[in-house]
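Working through the structure, step by step
Listed below, chain by chain, are the residues.
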Amino acid sequence: MTDSVSATPTHCPYCALQCGMNLVAAGGGGGVEVAERADFPVNRGALCGKGRTAADVLAPGARLATPLVRSGGALVPAGWDEALDVVAGRLARVRDEHGADAVGVFGGGGLTNEKAYALGKFARVVLGTSQIDYNGRFCMSSAAAAGTAAFGLDRGLPFPLADVPLTGCVILVGSNPAETMPPALRYFAELKANGGSLVVIDPRRTRTAELADLHLAPRPGTDLALALGMLHLVVAEGLVDEEYVERRTSGWPAARASAMAHWPEYVERITGVSVPELREAVRLFCAPESAMVLTARGPEQQAKGTDTVGAWINLCLATGRAGRPRSGYGCLTGQGNGQGGREHGQKADQLPGYRKLTDPAARRHVAEVWGVDPDALPGPGRSAYELLDALGRDVRSLLVMGSNPVVSAPRAAHVEERLRSLDFLAVCDVVLSETAALADVVLPVTQWAEETGTTTNLEGRVLLRRRALDPPAGVRSDLDVLHGLAARLGVEKGFPADPEEVFEELRRASAGGPADYSGISYRRLAEGDGVFWPCPGTGDEGGPGTPRLFLDRFATEDGRARFAPVAHRPSAEEPDAEYPLLLTTGRVVAQYQSGAQTRRVAELNAAAPGPFVQLHPRLAARLGAAEGDPLAVVSRRGRAVAPARITTGIRPDTVFMPFHWPGEGRANTLTNPALDPTSRMPEFKVCAVRVEVARGDAP
Ligand SMILES: Nc1nc2c(c(=O)[nH]1)N[C@H]1C(S)=C(S)[C@@H](COP(=O)(O)OP(=O)(O)OC[C@H]3O[C@@H](n4cnc5c(=O)[nH]c(N)nc54)[C@H](O)[C@@H]3O)O[C@H]1N2
Ligand SMILES: Nc1nc2c(c(=O)[nH]1)N[C@H]1C(S)=C(S)[C@@H](COP(=O)(O)OP(=O)(O)OC[C@H]3O[C@@H](n4cnc5c(=O)[nH]c(N)nc54)[C@H](O)[C@@H]3O)O[C@H]1N2
Ligand code: SF4
Ligand SMILES: [Mo]
């Protein structure tokens with residue numbers, strides 16, 4: 001431990017709940033282990049298995065300890081100066097030969113605010129490239145686009161989680177917190193204990209759905225129609241809050257007309273959800289005085305995710321359930337810094353403070369903070385999948401920081417092939433991920449417990465993660481890496497390795513923007529339970545922060561929320577004779593994302609050792625498959641093999657695979673990279689497949 005205090009209070013390295021935890025000395029060798037921290041209000045001491053075992057990845061055997069440089073085909077240990085010289089030299093050469101936009105940068109929503117900020121600045125100022133995007137594009141970008149369109153501002157939850165138990169009804173759309181945020185389940189349990197009801201919409205009867213008063217199991221990719229069908233019933237049954245619609249919204253006539261065209265019987269045919277079930281959902285949602293709709297990846301990871309979330313927001317607006325106490329629409333963000341990571345400039349079209357790269361005033365403001373000419377800032381670049389797809393063609397070199405696209409990107413075999421075709425690939429990571437294994441240079445970086453930084457949790461609460469122990473000698477922080485690369489590329493100033501210095505600049509860059517952090521300081525964060533943005537101010541004199549948004553007005557120009565004019569449309573790929581089934585994908589509790597970190601933890605591997613194909617007994621019988629039989633799942637992108645897991649808790653027309661593993665059972669070999677036209681988010685949650693027992697394959 002770096003200080004004499006017996007426990008360092010900090011936050012989990014994994015998901016967006018950012019559970020509070022303590023790090024305490026372990027084993028006498030200078031190591032740490034995770035201990036309960038009861039005083040942090042979001043999780044009150046509760047942790048899932050991933051958080052509890054997070055310190056295992058700090059162990060020498062699990063992680064990278066020295067830079068690696070490819071030589072004679074193999075990655076071999078190298079010194080830091082050599083490795084950074086190679087990266088800077090190769091990026092500069094590609095830039096000189098092919099132009100700045102031939103150099104790409106791929107970031108991650110797990111990076112702290114400081115790193116996300118520094119990475120975006122590095123791309124625009126040092127490399128001069130427009131080609132930067134990040135894995136958050138795969139995560140919640142459709143909800144962000146819909147939230148911005150409706151409310152003029154995107155913050156995942158516009159209220160603290162503590163409001164959830166106080167509302168009358170929560171509709172959870174395509175969200176499985178029992179596996180993806182277990183400590184958050186208590187908010188739903190308390191909701192029910194208070195007399196509120198829980199509706200879960202998921203094609204699978206998940207452990208979350210088991211807790212629901214009502215579970216609707218639509219066909220994957222049909223949430224848009226489902227929401228429109230509910231809105232139709234709201235209108236038909238006279239449940240519209242006319243006074244609210246008149247006073248606080250715009251665009252109702254068009255939204256109403258579209259809902260009226262979606263008859264419940266028509267919606268039943270599209271979704272497979274019966275009209276009585278639809279009516280019951282409307283009753284539960286409309287009877288109490290307050291209600292919420294919360295979406296996660298189920299409805300968002302669709303090629304119509306933005307319209308789909310828009311349809312759920314429409315339902316909230318028509319019933320007066322947004323911008324009022326205990327009511328509202330929220331998106332449950334996913335990664336540790338899924339919220340902050342989408343605010344500070346690693347997104348292709350964005351500048352810090354959630355500013356738009358195309359807005360001249362935003363460019364002037366940020367350019368001044370950065371000490372550059374606004375005209376020197378590049379314009380918007382490609383979205384994540386489009387960037388990966390362009391590798392080896394227009395984009396000849398790539399710097400990856402905080403993502404493992406070989407496992408997590410859609411149409412992964414193609415993405416892998418594109419990565420291999422690059423002139424040069426550099427990866428900063430804590431472990432030798434599948435993507436790092438393809439790199440020309442791998443830079444080993446410090447982990448959460450070894451560095452200080454801020455994250456912004458799913459509530460919009462900015463938090464301080466504190467350094468609790470010294471990193472091993474061979475690793476450096478991401479900020480240090482950017483500092484070293486910037487210096488080698490001729491930019492000596494503006495890339496400090498000290499996170500607090502970066503945060504101080506981020507405060508100024510975000511000042512006046514939608515996500516305003518200017519009133520937040522490390523000192524303030526060290527004292528309390530975090531600060532909700534927007535929080536304007538200077539020095540340590542910031543305002544109180546904003547736990548609840550939109551209570552007086554929405555963040556649009558006229559203060560009104562905007563209805564989205566949306567209509568049902570089919571998924572990019574519907575089943576046909578050759579590919580008659582639907583594949584959907586998602587998560588299991590014991591593995592995190594591409595598994596790069598959690599697959600290195602013995603306890604987690606024991607709990608979730610590998611991929612599987614979840615399917616209904618009727619489908620299994622038709623295929624002649626028994627529990628554990630190797631199943632080949634085939635889509636237009638490729639073929640994956642994993643053992644059958646048979647359960648009545650899934651629709652018979654749908655199979656489910658978790659995406660945490662590489663190799664033969666990689667779900668993303670199959671997924672469709674069809675993109676939402678607005679958010680550019682890929683359709684991870686639905687594609688057409690056929691399934692057969694793979695008798696010839698080893699299980
Ligand atoms: N254990 C664990 N926890 C995690 C993560 C992890 O990898 N592992 N990742 C974190 C991150 S980054 C994220 S984004 C969150 C994601 O958190 P969630 O969104 O809760 O996770 P998913 O399993 O991707 O999807 C949720 C549910 O959507 C359902 N679904 C599939 N298709 C559809 C559809 O068409 N419509 C509807 N309504 N539902 C559908 C799936 O059956 C699944 O149960 O989890 C975070 N927490
Ligand atoms: N089929 C399917 N695919 C999906 C999804 C799905 O539901 N279905 N979900 C999508 C979603 S929501 C997400 S968020 C993505 C996530 O997918 P990825 O972007 O692959 O996410 P991770 O596995 O968390 O990858 C993070 C990588 O960065 C490393 N890392 C962790 N912390 C740091 C750090 O501070 N610095 C650096 N330099 N490296 C770090 C980790 O070791 C790991 O290798 O997957 C998407 N892919
Ligand atoms: S729920 Fe999320 S933040 Fe909490 S311990 Fe688990 S992974 Fe960490
Ligand atoms: Mo995510």
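**Things to note about the packing of aromatic side chains**
We describe a pair of aromatic rings using the distance from one ring centre to the other and the angle between the two ring planes. A complete count under the given rule lists eleven aromatic pairs for this structure. Ring centres of F503 and Y522 lie 5.3 Å apart, and the angle between their planes is 45°; this geometry places the pair in the tilted category. With F503 in helix α19 (residues 499-510) and Y522 in helix α20 (residues 522-527), this residue pair connects regions lying 19 residues apart in the sequence. For the pair F503 and Y522, a shared accessibility class is recorded, and that class is buried. Among the aromatic residues, those joined into a cluster by ring pairs are F106, F138 and F684. Taking the ring centre of W533 as reference, the NZ or CZ of R155 above it sits at 6.0 Å. The ring centre of F612 lies 3.6 Å from the NZ or CZ of R645, which sits over that ring.

**Notes on the sheet that holds strand β5 (residues 74-77)**
Strand order in the open sheet formed by seven strands is β5-β4-β18-β17-β16-β6-β7, and the pairing between neighbours is mixed. Since the sheet does not close on itself, it has two edges, and those belong to β5 and β7 (132-134), each with one partner. Here the average twist between neighbouring strands, direction ignored, is 20°. Looking at chain direction, strand β6 (residues 103-107) and β7 are connected through three bridges and run parallel. For F106, the partnering residue across the bridge sits in β7 and is D133.

**Some thoughts on the pairing of strand β26 (residues 639-646)**
Residues in a regular strand project their side chains so that they alternate between the two faces of the sheet. When strand β24 (residues 613-615) meets β26, the two strands line up parallel, connected through three bridges. When the sheet's bridge partners are listed, V613 is paired in β26 with A644. With five bridges joining them, strand β25 (residues 630-634) and β26 adopt antiparallel strand pairing. Directly across from P630, in β26, lies its bridge partner P643. Between β25 and β26, which pair antiparallel and follow one another directly, the connecting turn spans four residues.

**Some remarks on the sheet that holds strand β20 (residues 461-465)**
Spatially, the three strands line up as an open sheet ordered β19-β20-β21, and their pairing is antiparallel. Looking at which strands have only one partner, the edges of the open sheet turn out to be β19 (453-456) and β21 (531-532). Examined bridge by bridge, β20 and β21 share two bridges and lie antiparallel to one another. Paired with V462 across the bridge in β21 is V531. Set on the sheet, helix α3 (residues 113-127) makes contact with β19 and β20; between it and β19 the angle comes to about 95°.

**Regarding the nonpolar core**
Counting residues in each nonpolar core, the largest one holds 172 residues, and the members touching the most others are F122, F151, I171 and W312. Among the elements that take part in this core, helix α7 (residues 223-236) stands out by supplying nine residues, more than any other. The contacts of F151, once residues within four sequence positions are left out, are I313, L317, A322, Y329, F550, F554, A555, T556 and A561. In terms of nonpolar packing, the next biggest core, distinct from the first, is built from 26 residues, F106, L387, V406 and A436 among them.

**Considerations on the domain arrangement of the protein chain**
Frequently, the measure chosen for interface size is the accessible area that the parts lose on association. By domain assignment, the protein chain separates into domain 1 (3-62), domain 2 (68-138 + 337-494), domain 3 (141-331) and domain 4 (581-693). Look at where the C-alpha atoms of domain 2 and domain 4 centre, and you get two points 29 Å apart. The partner domain 4 presents 22 residues to the 20 residues of domain 2 that form the contact. Taking both sides of the interface into account, the surface hidden between domain 2 and domain 4 amounts to around 1700 Å²; carbon and sulfur atoms contribute 60%. Summed over the shared surface of domain 2 and domain 4, the number is three salt bridges. There are twelve residue pairs in polar contact (both at pLDDT 80 or more) connecting domain 2 and domain 4. For the side of domain 2 that touches domain 4, the secondary-structure elements that each account for two or more residues are α15 (384-389), α16 (405-408) and α17 (412-420).

**Some remarks on the site of ligand 2**
For ligand 2, the set of nearby residues contains 31 residues, the closest of which are N135, S403, S408, D429 and S594. Within the backbone of C428, a nitrogen or oxygen atom sits 2.9 Å from a nitrogen atom of ligand 2. A distance of 2.5 Å separates an oxygen atom of ligand 2 from a polar side-chain atom of D429. Here ligand 2, which alone exposes 920 Å², has 95% of that area covered by the protein. Residues belonging to the shell around ligand 2 are distributed by class as follows: twelve nonpolar, 14 polar and five charged. Formed jointly, the shell around ligand 2 draws a minimum of three residues from each of two domains, domain 2 (68-138 + 337-494) and domain 4 (581-693).

**Here's the deal with α7**
Over its 14 residues, α7 runs 20 Å from end to end, which matches the ideal 20 Å to within 8%, given 1.5 Å per residue. G238 sits one or two positions beyond α7 and adopts a positive phi of about 70°.

**Some words on the pattern of salt bridges**
Going through the model one piece at a time under the given rule, you end up with 41 salt bridges. For D349, the salt bridge is made with K347, and the minimal N-O distance between the two is 3.8 Å. For D349, a relative accessible area of 33% gives the class partly exposed. Between R680 and E386 there is a salt bridge, and its shortest N-O distance comes to 2.7 Å. You can see R680 sitting in the loop between β28 (672-675) and β29 (682-683) and its partner E386 sitting in helix α15, a full 294 residues away along the chain. We classify R680 as partly exposed; its relative accessible area is 28%. Using a relative accessible area of 26% as the deciding quantity, one classes E386 as partly exposed. Residues joined by salt bridges that share partners form a network here, namely E573, D576, R636 and R637.

Cut-offs applied
Residues numbered from 1 in each chain as written. Chains lettered and ligands numbered in written order. Predicted model: local features only at pLDDT ≥ 70, side-chain atom pairs only at ≥ 80, totals over all residues. Heavy atoms only, no water. Phe/Tyr/Trp six-rings, centres within 6.5 Å; stacked < 30°, edge-to-face > 60°. Helix = DSSP H or I, 4+ residues; strand = E, 2+ residues; numbered from the N terminus. Buried < 20%, exposed > 50% of the residue type's maximum accessible area, 1.4 Å probe, protein only. Lys NZ or Arg CZ within 6 Å of the ring centre and 35° of its normal. Pairing = 2+ DSSP bridges. Axes fitted to C-alpha atoms, helices over the stretch in contact; angles between N-to-C directions. Contact = heavy atoms within 4.5 Å. Core = buried A, V, L, I, M, F, W, Y, C linked by side-chain atoms within 4.5 Å. Domains from an automatic or database assignment. Buried area = accessible area lost by both parts, 1.4 Å probe. Salt bridge = Lys/Arg side-chain N within 4 Å of Asp/Glu carboxyl O. Polar contact = N/O pair within 3.5 Å; in protein donor to acceptor, adjacent residues only side chain to side chain. Near = heavy atom within 4 Å. Areas by Shrake-Rupley, 256 points an atom, 1.4 Å probe, with all protein chains shown as cover. Nonpolar A, V, L, I, M, F, W, Y, C, P; charged D, E, K, R; others polar. Expected span 1.5 Å × (residues − 1).

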